[in-house]
Amino acid sequence: MLTDVLEINKVPKFQVLFLRNDASQDVEVHEVKQVDFSTVQERLEKGESVFITSNASQKIKSPKTQTKTHKSLKTTFVTAFYIDKA
């Protein structure tokens, strides 16, 4: 039981995702125990997007290289209307 508790404390608790808002749109995923908000602030000031999630709620895996096999895509078409009252 004690070893289970100790193992839980070793696992990073948060995932911090940094999305560059440039042509590359690179994404960095950092798994950390504590969020460094000064780094978050620096990235936001550079114009990047920052997403913070807990590992308990969901996990986002690092992008893998693309393979030639394509899964079947499901597409839904939506018709949108805009009514101008002028």
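Treat the numbers as computed from the prediction; the structure is a model and nothing was measured. (Residues numbered from 1 in each chain as written. Predicted model: local features only at pLDDT ≥ 70, side-chain atom pairs only at ≥ 80, totals over all residues. Heavy atoms only, no water.)

## Re unusual backbone geometry
Note the threshold: We count a stretch as a helix when DSSP gives it H or I for four or more residues in a row; a strand needs E for two or more, and each element gets its number in order from the N terminus.
Of note in the backbone geometry, Gln25 takes a positive phi value of approximately 50° without being a glycine. Within the element layout of this structure, Gln25 appears in the loop between strand S1 (14-19) and strand S2 (27-32).

## Things to note about the environment of Asn55
The condition is simple: To sort residues, take the accessible area from a 1.4 Å probe on protein chains only and compare it with the maximum for the residue type: under 20% means buried, over 50% means exposed, and anything in between is partly exposed.
Note on placement: Asn55 falls in the segment after strand S3 (49-54). Overall, the relative accessible area of 13% leaves Asn55 in the buried class. Between the alpha carbons of Asn55 and Lys13 there is a distance of 5.4 Å; along the sequence they are 42 residues apart.

## Details of the sheet that holds S3
The condition that has to hold: For two strands to be treated as a pair, DSSP must find at least two bridges joining them. All axes are obtained by fitting lines to C-alpha atoms, using only the stretch in contact for helices, and the reported angles, taken between N-to-C directions, cover 0 to 180 degrees.
Read across the sheet, 3 strands follow the order S2-S1-S3 without closing on themselves; strand pairing throughout is antiparallel. If you trace the sheet from one side to the other, it starts and ends with S2 and S3, each paired once. Between one strand axis and the next, the sheet turns by 15° as a mean value, whatever way the strands run. Two strands pair when backbone bridges link them, and S1 and S2 are joined in this way by 6 bridges, in the antiparallel orientation. The residue of S2 that forms the bridge with Phe18 is Glu28.

## Concerning the side chain of Glu48
To keep it simple, the criterion reads: In protein, a polar contact means a hydrogen-donor-capable atom and an acceptor-capable atom, both N or O and within 3.5 Å, with residues adjacent in sequence counting only if both atoms are side-chain atoms; elsewhere, any N or O pair within 3.5 Å suffices. In this analysis, two residues are considered to be in contact whenever any of their non-hydrogen atoms come within 4.5 Å of each other.
As for its position among the elements, Glu48 is in the loop between helix H2 (37-45) and S3. Classification of Glu48 by relative accessible area gives buried; the value is 11%. A polar side-chain atom of Glu48 sits 3.0 Å from a polar atom in the side chain of Arg43. Contacts of Glu48, omitting those with residues within four sequence positions, involve Phe18, Leu19, Arg20, Asn21 and Arg43.

## Observations regarding the pairing of S1
Where S1 and S3 come together, 6 bridges link them in antiparallel fashion. Note on S3: the bridge partner recorded for Phe14 is Ser54.

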